Amino acid sequence: MDAEQIISRMVQIGTVSVVDSSKHAVRVIFKQSGESSGWLKVLQHIGGALDIVPDAQHTHNITDTYTGGGSASIFPNHNHTGSTTASWMPRVNEDVLVLYLPISNGDGFVLGGI
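Residues numbered from 1 in each chain as written. Predicted model: local features only at pLDDT ≥ 70, side-chain atom pairs only at ≥ 80, totals over all residues. Heavy atoms only, no water.

What follows covers the pattern of salt bridges. Oppositely charged side chains can pair when the atoms bearing their charge come close. Inspection of every chain in the model, using the stated rule, returns one salt bridge. Of the charged contacts, one joins lysine 31 and aspartate 95 as a salt bridge, the two residues approaching to 3.2 Å between their closest N and O atoms. Note that lysine 31 is positioned in the loop between strand S2 (25–30) and strand S3 (40–42) and aspartate 95 in strand S6 (residues 95–100), a separation of 64 residues in sequence. (Salt bridge = Lys/Arg side-chain N within 4 Å of Asp/Glu carboxyl O. Helix = DSSP H or I, 4+ residues; strand = E, 2+ residues; numbered from the N terminus.)

Here's what the structure looks like:
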C-alpha cells in the first residue's frame, strides 16, 4: 500500500455487521467502499461517568445472595448519581467511526458510535 492509500483509509465510517463482546471486537462494512473489515477492537472507557435521566417507568432488577434477587418497585423521582460504565459495545447495524494506524496493514479500532 502506498502512502496515499494508507492515509485515505485511516478514518472511515462503517456499519457494524458482527459483534464479539467477549473480545471487545467487531467487524464492519465500510460505507464508502462496501468492503468488510477484519476484526476491529472497540476502544473502552472503563469507569466513564454516565448521565442517566430516569423515565419514571423502569424498575431495578436486584441480584444478591441474601435476598435471592427480584425486582424493585417503580421509582418516579430518582436519579443514578455516580453511575459509571463497565464497557460499551456497538450493536449490529450501528454506524461507527473507525481509525486505522497509519502503517501498511495497521490495526484498526472503533472509536465510538455515530
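On to the sheet that holds strand S7 (residues 108–113), then. One closed barrel accounts for five strands, arranged S1-S2-S3-S7-S6; its pairing is mixed. Shown here is a sheet whose adjacent strand axes are inclined to one another by a mean of 50°, direction ignored. Of the pairings in the sheet, the one linking S3 to S7 comprises two bridges and is parallel in character. Bridge assignment links valine 42 to a residue of S7, and that residue is valine 110. (Pairing = 2+ DSSP bridges. Axes fitted to C-alpha atoms, helices over the stretch in contact; angles between N-to-C directions.)

Right, let's get into the nonpolar core. Formed by Val16, Val26, Val28, Phe30, Leu40, Val42, Met89, Val96, Val98, Tyr100 and Val110, the largest nonpolar core amounts to eleven residues. Taken together, the elements giving at least two residues each to this core come down to S2, S3 and S6. Excluding anything up to four places from it in sequence, valine 98 contacts Met10, Val11, Gln12, Val28, Phe30, Leu40, Phe109 and Val110. (Core = buried A, V, L, I, M, F, W, Y, C linked by side-chain atoms within 4.5 Å. Buried < 20%, exposed > 50% of the residue type's maximum accessible area, 1.4 Å probe, protein only. Contact = heavy atoms within 4.5 Å.)

What follows deals with unusual backbone geometry. Despite not being glycine, histidine 24 shows a phi value in the positive range, around 50°. Inspection of the secondary structure assignment puts histidine 24 in the loop between strand S1 (11–20) and S2.

Burial along S6 is one-sided: the residues Val96, Val98 and Tyr100 are buried and none of Asp95, Leu97 and Leu99 is. In the sheet, S1 pairs with S6 via five bridges, with the strands oriented antiparallel. Its bridge partner lying in S6, glycine 14 is registered against valine 96. Pairing geometry for S6 and S7, over five bridges, is antiparallel. Bridge pairing links tyrosine 100 to glycine 108 in S7.

Estimates place the volume of the largest pocket at around 220 Å³. Lining the largest pocket, in full, are Gln5, Ser8, Arg9, Gln12, Phe30, Gln32, Ser33, Glu35, Ser36, Ser37 and Tyr100. Its residues placed into classes, the lining of the largest pocket shows two nonpolar, seven polar and two charged. (1 Å grid on protein atoms, 1.4 Å probe; cavity = no way out; pocket = protein on both sides within 12 Å on 5 of 7 lines; lining within 4 Å. Points joined across faces, edges and corners; volume = space filled by probe spheres on them. Nonpolar A, V, L, I, M, F, W, Y, C, P; charged D, E, K, R; others polar.)

Bringing the packing of aromatic side chains into the picture now. The tally for this structure, following the rule as stated, stands at one aromatic pair. Between phenylalanine 30 and tyrosine 100, the aromatic rings sit 6.2 Å apart at their centres with planes inclined by 55°, giving tilted as the arrangement. Taken together, the positions of phenylalanine 30 in strand S2 and tyrosine 100 in strand S6 put the pair 70 residues apart, joining distant regions of the chain. The buried category is assigned to tyrosine 100, whose relative accessible area is 7%. Residue placement shows arginine 9 over the ring face of tyrosine 100; its charged tip is 3.8 Å from the ring centre. Residue placement shows arginine 27 over the ring face of tryptophan 39; its charged tip is 5.8 Å from the ring centre. (Phe/Tyr/Trp six-rings, centres within 6.5 Å; stacked < 30°, edge-to-face > 60°. Lys NZ or Arg CZ within 6 Å of the ring centre and 35° of its normal.)

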